[in-house]
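# Examination of the molecular architecture
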Amino acid sequence: MAHGDRGRRATRRLASLASHVATRGGDAAPRGTAVERASTSAPTIDRPEAWVAAAGECFGPGAWLAVDQARVDAFARCTEDHQWIHRAGAVTQFGGPIAHGLLTASLLPALMDGVLPRMGWVAQEINMGFNRLRFVSPVKVGARVRASAKLVSVRRLGKGAGGKGPDGTETVVSVAVSTDDEDSDAKPAMTCEWVTRQYAR
């Protein structure tokens, strides 16, 4: 292994440990600093017909979000997934501890905030799951992630028996989560097709 690689890996391990110690010591930065908000605001879609017509459009990228050791530790406690590769100071083939893949997936609501247009006509939105979900490359602890999206399809939903239900759509969005890690070779950290349903006011 080259000396430069050893140095980079040592630096990442130290950064992971520093993040862990700082959080334990009560000196962690306020939560609001974990996400760097995008400077531009998303447009508003006022009618389901306009959302259907937007199929094929691309959106983002969104704001960066930091994946620090405190976030990884909290996710491990919630899910009881304490595999050693996620712990502070872990020596792995990736140069240090990495975040859980499912943690990256669970961050999608935050990562997609402000990426897609606002739905002015929607009263509620329901998560239907994923058609495809792949963890392409690891998210190293201390890295930042952000999301880009492409609107794959929008299908109008019926109003139910008697036509008395709310108007709605079923949306399929292709999402790519990228990281600012210089060793990622421009590969996304995660890709998926996210399926949601929107219901009118």
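Above this text is the structure in question.
Note that the structure is predicted; figures quoted are calculated from it, not measured.

## Quick word on the pairing of strand S8 (residues 168-179)
Of all 12 residues in S8, 9 are buried, a share of seventy percent or more. Relative to S8, strand S7 (residues 144-157) runs antiparallel, the two sharing 12 bridges. Within S8, the position partnered with Leu 151 by the bridge is Val 173. Sheet topology places S8 next to strand S9 (residues 190-200); 10 bridges connect them, and they run antiparallel. Of the residues in S9, the one forming a bridge with Thr 171 is Thr 196.

## A look at the packing of aromatic side chains
Summed over all chains, the structure comprises 1 aromatic pair. Where Phe 130 meets Trp 194, the ring centres are 6.1 Å apart and the plane angle is 20°; that geometry is what we call stacked. Taken together, the residues Phe 130 in strand S6 (residues 122-135) and Trp 194 in strand S9 connect sequence positions 64 residues apart.

## Focus on unusual backbone geometry
With omega at 10°, the peptide bond leading from Gly 60 into Pro 61 counts as cis. With a phi angle near 60°, Glu 80 is a residue other than glycine that sits in the positive phi range. Mapped onto the secondary structure, Glu 80 falls in the loop between helix H3 (69-79) and helix H4 (101-106).

## Structural notes on the nonpolar core
Most often, soluble globular proteins have nonpolar side chains that are buried together. Counting 35 residues, the largest nonpolar core has Val 67, Met 112, Val 175 and Val 177 as the members making the most contacts within it. No other element matches the 5 residues that S7 contributes to this core. Apart from the residues within four sequence positions on either side, Val 67 is in contact with Val 72, Ala 99, Leu 103, Leu 107, Val 139, Lys 140, Val 141, Gly 142, Ala 143 and Val 145.

## Some words on the environment of Ala 123
If you trace the backbone, Ala 123 turns up in strand S6. Assessed through its relative accessible area of 48%, Ala 123 is described here as partly exposed. For the pair formed by Ala 123 and Tyr 199, sequence separation is 76 residues and the distance between their alpha carbons is 5.8 Å. Beyond its immediate sequence surroundings of up to four residues, Ala 123 is in contact with Tyr 199, Ala 200 and Arg 201.

## Some points on H3
One turn of the α-helix equals 3.6 residues, which is why residues spaced by three or four share an orientation. Listing the buried residues of H3 in full gives Gln 69, Val 72, Asp 73, Phe 75 and Ala 76. Looking down the long axis of H3, one finds its buried residues gathered within 160° of arc, a one-sided arrangement. With respect to the buried face of H3, the exposed residues turned more than 90 degrees away are Arg 77 and Cys 78. Just beyond H3, the residue with positive phi is Glu 80, at close to 60°.

## Considering the pairing of S7
When a strand is regular, its side chains alternate between the sheet's two faces. Of the strand pairs in this sheet, strand S3 (residues 58-59) and S7 are connected by 2 bridges, and their pairing is antiparallel. Among the inter-strand pairings, Phe 59 is bridged to a residue of S7, identified as Ala 149. Across 2 bridges, strand S4 (residues 64-66) lies against S7 in antiparallel orientation. Looking across to S7, one finds that Ala 66 is bridged to Arg 144.

## Structural notes on the pattern of salt bridges
Taken as a whole and assessed by the stated rule, the structure comprises 8 salt bridges. When the shortest N-O distance is used, the salt bridge between Glu 49 and Arg 156 registers 3.5 Å. In this pair, Glu 49 is assigned in helix H2 (residues 48-53) and Arg 156 in strand S7, connecting sequence segments 107 residues apart. On the basis of relative accessibility, which here comes to 40%, the residue Glu 49 falls in the partly exposed class. Under the relative-accessibility criterion, Arg 156 is labelled partly exposed at 34%.

## A word on the side chain of His 100
Within the fold, His 100 resides in the loop between H3 and H4. At a separation of 3.0 Å, a polar atom in the side chain of His 100 contacts the main-chain carbonyl oxygen of Asp 81. In this structure, His 100 is in contact with Val 72, Phe 75, Ala 76, Asp 81 and His 86, ignoring residues within four places of it in sequence.

Parameters and conventions
- Residues numbered from 1 in each chain as written.
- Predicted model: local features only at pLDDT ≥ 70, side-chain atom pairs only at ≥ 80, totals over all residues.
- Heavy atoms only, no water.
- Buried < 20%, exposed > 50% of the residue type's maximum accessible area, 1.4 Å probe, protein only.
- Helix = DSSP H or I, 4+ residues; strand = E, 2+ residues; numbered from the N terminus.
- Pairing = 2+ DSSP bridges.
- Phe/Tyr/Trp six-rings, centres within 6.5 Å; stacked < 30°, edge-to-face > 60°.
- Core = buried A, V, L, I, M, F, W, Y, C linked by side-chain atoms within 4.5 Å.
- Contact = heavy atoms within 4.5 Å.
- Arc of directions from axis to C-beta.
- Salt bridge = Lys/Arg side-chain N within 4 Å of Asp/Glu carboxyl O.
- Polar contact = N/O pair within 3.5 Å; in protein donor to acceptor, adjacent residues only side chain to side chain.

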